[in-house]
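If you want the building blocks of each chain, they are given just below.
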Amino acid sequence: MWDQSAGRGATECINVSSFRSKLVRTALGALAGLLAAFTALAVAELAAGLVRPAAGPVTVVGGAVIDRTPAAVKDFAIRTFGENDKTVLQLGILAILALVAVGLGILALSHRRAGAAGVLLFGIVGAAAALSRPDSTGTGDALPSIAGAVAGALALYVLASRAVSVPAPDGADGQAGAGAWNRRGFLTAAGATAVAAASAGALGRYFTGRRGQGAVASRENLVLPEPASPAPAVPAGARLKVPGITPFTTPNSDFYRVDTALTVPKVDAGTWRLRIHGEGVARPRTYTLDQLLARPLVERDITLTCVSNEVGGPYVGNARWLGVPLAGLLEEAGVRPPSKGGRADQLVARSVDGMTLGSPVEDLMDGRDALLAVGMNGEPLPFDHGFPVRMLVPGLYGYVSACKWIEDIELTTFDAYDPYWVKRKWARRAPIKTQARIDTPKPFARPAAGTVTVAGVAWAQRRGITRVQIRVDDGPWQDADLAAQDTVDTWRQWSYRWNATPGGHNLTVRATDGTGQVQTEQRTRTIPDGASGRHSVFVTVP
Ligand SMILES: Nc1nc2c(c(=O)[nH]1)N[C@H]1C(S)=C(S)[C@@H](COP(=O)(O)O)O[C@H]1N2
Ligand SMILES: [Mo]
């Protein structure tokens, strides 16, 4: 529409009022800025596709933001945005980027060099973020941000010089034809930039996708061996048939996900290795996946809980895991627990994305089913949950035990090393606290008067659940019916038949663990070592 035949209309636009023509120029500047930012991101995507997908600028800046977010803010983000927290973060980064791009584009109309320099500055921020990430693999990680910034700066410089040759707002009537021509020049350049950038971006996506394909194929081709020690059958009475209750086994697609990974690591099982080394490791070793799978595997039902789970929250799930017993591997490596004279009291697991999690060696070797898990509910671990191998330790919150995409195990001491979350003020040691959750009725439900089934789950991994009680308003504690216990490492369903009377009612639940300890009513925050307190649900009976 901006070609010469339409030039008359456009010329009117420029000449009729200088205000409108200023507006057009500003819009062209903004467009130039946005296109430059798009070019920068697209070229960075291409470079990341060639170098390392995890080194893309939005990923590294987002990751660096996550690394530096205070624990309380991070907890707020998880609470508010749930598992969308990372999408929100990425959209936030893109929104800020767009705003700055518009600003730089308008600036570039009058100060071309300054505008271009501004884009380069962003490249330096991206590069610094890339190098600061715990999973940075070297200076190559800075490349995508730098390459993108150079391309973006160039694009802005060229577009801005085209935009300013559009006739100045006032005067220039005689050059209306030239103005139209120049505008066409700008739009041609803008179009070419957009097409080139989109192609670079698409090519980058293609390379990233191809890298991931090896990992995807390795997962599809992985045949999990039969366990040498199958999981005990889940007792028939462990699964209650109450509408609205959390299923005993959480399907993989519903299993909660909590991690810092903005791009889920896609690890090729064929090239994956696990190294075991460190303090007191007499025989350091590196394992391939095939070597691990050749060992006797065990299958266990284990409930995993996140320390960021609020009272009544959703970050807990129960699955059937298949894995290599970790204690056996440690013994073979010559590791002894502290109670048997070992010097290392902390095992630090490190993932391919640079996450570090520290577990007490004593716990890992005390006879519980600490696993290097390869299977989840009958299939290889989903990528989201740590393919090809993750750690899993019954009784410990995920952040001190459940390292996904694990590639390194180092024996050390709690004195010598603080892993990722501990550096961010979470507790060094974090056994799971006893909790019970009301799944049904939902908060503010309006159940009919008469018999209402109140039901949910309770968990106290390693100790088991022996009693669940319900209190209606300020009434006495009443025993709920417990479903059969699977193991002490799994949650336990419960239900309670409540004779609901009209009015507003508060339902509160509490559990007792296998040691006889009643769940505390003391409310604590999730930081530093997990929320405590009792779950309540308010309902109105019409
Ligand atoms: N590599 C890696 N492993 C990780 C984390 C992470 O951020 N990165 N988060 C941990 C936390 S806090 C929890 S609760 C569990 C969650 O495991 P899931 O996502 O499979 O439910 O993974 C743990 N393992
Ligand atoms: Mo967690």
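Residues numbered from 1 in each chain as written. Chains lettered and ligands numbered in written order. Predicted model: local features only at pLDDT ≥ 70, side-chain atom pairs only at ≥ 80, totals over all residues. Heavy atoms only, no water.

*Asks:* I tried to follow the packing of helix 5 (residues 85–110) against helix 6 (residues 112–132) on my own but got confused; where do I start?
*Replies:* The packing of two helices is summarised by the inter-axis angle and the distance between the axes. Where helix 5 contacts helix 6, the axes come no closer than 6 Å and their chain directions differ by 155°. Judged by the angle between their axes, helix 5 and helix 6 are roughly antiparallel. Touching Leu97, Val100, Leu104, Leu107, Ala108 and Ser110 of helix 5 are Arg112, Ala114, Gly115, Gly118, Val119 and Phe122, all from helix 6. Tallied by class, residues from the contact of helix 5 with helix 6 come to 8 nonpolar, 3 polar and 1 charged. (Axes fitted to C-alpha atoms, helices over the stretch in contact; angles between N-to-C directions. Helix = DSSP H or I, 4+ residues; strand = E, 2+ residues; numbered from the N terminus. Parallel < 35°, antiparallel > 145°, perpendicular 65-115°, else oblique. Contact = heavy atoms within 4.5 Å. Nonpolar A, V, L, I, M, F, W, Y, C, P; charged D, E, K, R; others polar.)

*Asks:* Can you help me understand the domain arrangement of the protein in this one?
*Replies:* The parts lose accessible area when they come together, and the size of an interface is often stated as this lost area. Parsing the protein into structural domains produces domain 1 (14–217), domain 2 (247–424) and domain 3 (435–541). Between the C-alpha centres of domain 2 and domain 3 the distance comes to 30 Å. Contacts between the two partners involve 24 residues from domain 2 and, on the opposite side, 21 residues from domain 3. Regarding the contact of domain 2 and domain 3, the summed buried area is about 1800 Å², with carbon and sulfur atoms giving 57% of it. (Domains from an automatic or database assignment. Buried area = accessible area lost by both parts, 1.4 Å probe.)

*Asks:* Would you mind showing me how to read the UniProt feature "domain: Oxidoreductase molybdopterin-binding" (unreviewed entry) in the protein here?
*Replies:* As annotated in UniProt, the feature "domain: Oxidoreductase molybdopterin-binding" (unreviewed entry) corresponds to residues 262–416 in the numbering used here. Taken end to end, residues 262–416 is 10% helix and 37% strand, and its two terminal C-alpha atoms sit 29 Å from one another. (UniProt positions renumbered as here; feature names shortened; annotations may be inferred.)

*Asks:* Before we go on, may I ask you to explain the sheet that holds strand 1 (residues 273–278) in this structure?
*Replies:* The strands making up a sheet are joined through hydrogen bonds of the backbone, oriented either antiparallel or parallel. Across the sheet, which stays open at both edges, the 5 strands sit in the order 2-1-10-5-6 with mixed pairing between neighbours. Of all the strands in the sheet, just strand 2 (285–288) and strand 6 (356–360) have a single pairing partner and so form its edges. Neighbour to neighbour, the strand axes of the sheet diverge by 20° on average, direction disregarded. In this sheet, strand 10 (residues 406–412) lies alongside strand 5 (residues 346–351) in antiparallel orientation, the contact comprising 6 bridges. The residue of strand 10 that forms the bridge with Arg350 is Asp408. (Pairing = 2+ DSSP bridges.)

*Asks:* Got a minute to help me understand the UniProt feature "transmembrane region" (unreviewed entry) in the protein in this structure?
*Replies:* According to UniProt, the "transmembrane region" (unreviewed entry) feature falls on residues 27–51, 88–107, 114–131 and 143–160. Structurally, residues 27–51 comprises 96% helix and 0% strand, and the distance from its first C-alpha atom to its last is 35 Å. This span, residues 143–160, is 100% helix and 0% strand, and a straight line between its end C-alpha atoms measures 25 Å.

*Asks:* What is the right way to read the site of ligand 1 from this model?
*Replies:* Around ligand 1, the surrounding shell holds 20 residues, and the nearest of these are Tyr256, Asp259, His385, Arg390 and Lys404. At 3.2 Å from a nitrogen atom of ligand 1 is found a side-chain nitrogen or oxygen belonging to Ser351. Ala402 is positioned such that a nitrogen or oxygen atom in its backbone is 3.0 Å from a nitrogen atom of ligand 1. For ligand 1, the accessible surface in isolation is 530 Å², of which the surrounding protein chains cover 99%. When atoms are counted within 2 Å of each cavity's grid points, the one that captures over half of ligand 1 is the second largest pocket. (Near = heavy atom within 4 Å. Polar contact = N/O pair within 3.5 Å; in protein donor to acceptor, adjacent residues only side chain to side chain. Areas by Shrake-Rupley, 256 points an atom, 1.4 Å probe, with all protein chains shown as cover. 1 Å grid on protein atoms, 1.4 Å probe; cavity = no way out; pocket = protein on both sides within 12 Å on 5 of 7 lines; lining within 4 Å. Sits in = over half its atoms within 2 Å of the grid points.)

*Asks:* I would appreciate a short explanation of a nonpolar patch on the surface in the present structure.
*Replies:* Residues Leu120, Leu121, Phe122, Ile124, Ile146 and Val150 make up a contiguous nonpolar surface patch of about 520 Å² in total accessible area. For the nonpolar patch, the element with the most residues is helix 6, which contributes 4 residues. Summarising the element assignment, Val150 is placed in helix 7 (residues 143–164). (Patch = residues over 30% accessible without salt bridge, like charges linked within 9 Å, V, L, I, M, F, W, Y side chains within 5 Å. Salt bridge = Lys/Arg side-chain N within 4 Å of Asp/Glu carboxyl O.)

*Asks:* Would you mind going over the confidence of the model for the protein with me for this structure?
*Replies:* Summary statistics for the protein give a mean pLDDT of 91 and a share of 94% for residues scoring 70 or more. Within the model, pLDDT remains below 50 along residues 1–15, and this stretch shows 21 contacts once partners closer than five positions in the same chain are excluded. The low-confidence segment residues 168–181, where pLDDT is below 50, has 15 contacts with residues more than four positions distant or belonging to other chains. (pLDDT = per-residue confidence, 0-100.)

*Asks:* Is there a simple way to think about the environment of Val58 in this case?
*Replies:* Within the secondary structure, Val58 sits in helix 3 (residues 57–68). By relative accessible area, which is 18% here, Val58 ends up buried. Taking C-alpha positions, Val58 is 9.5 Å from Ala44, a pair spaced 14 residues apart along the chain. When near neighbours in sequence (up to four residues on either side) are disregarded, Val58 contacts Leu41, Gln90, Ile93, Leu94 and Leu262. (Buried < 20%, exposed > 50% of the residue type's maximum accessible area, 1.4 Å probe, protein only.)

*Asks:* When you look at the layout of surface pockets in this model, what are you seeing that I'm missing?
*Replies:* Rolling a probe over the atoms, with the probe sized like a water molecule, indicates the empty space that remains. In this structure, the largest pocket encloses a volume near 1300 Å³. Surrounding the largest pocket, 44 residues form its lining, Arg52, Pro53, Ala54, Thr208 and Thr263 being those nearest its centre. The set of elements that each furnish at least two residues to the lining of the largest pocket consists of helix 2 (18–50), helix 3, helix 5, helix 8 (176–220) and strand 5. With 9 residues, the top contributor of residues to the lining of the largest pocket is helix 8. Residues that form the lining of the largest pocket fall into these classes: 20 nonpolar, 13 polar and 11 charged. Mapped onto the domain boundaries, the lining of the largest pocket takes at least three residues apiece from domain 1 (14–217) and domain 2 (247–424). Taken as a whole, the second largest pocket encloses approximately 700 Å³ of empty space. Lining the second largest pocket are 40 residues, and of these Ile78, Val258, Asp259, Thr260 and Trp421 sit closest to its centre. Of all elements in the fold, only helix 3, helix 4 (71–81) and helix 5 reach the threshold of two or more residues within the lining of the second largest pocket. (Points joined across faces, edges and corners; volume = space filled by probe spheres on them.)

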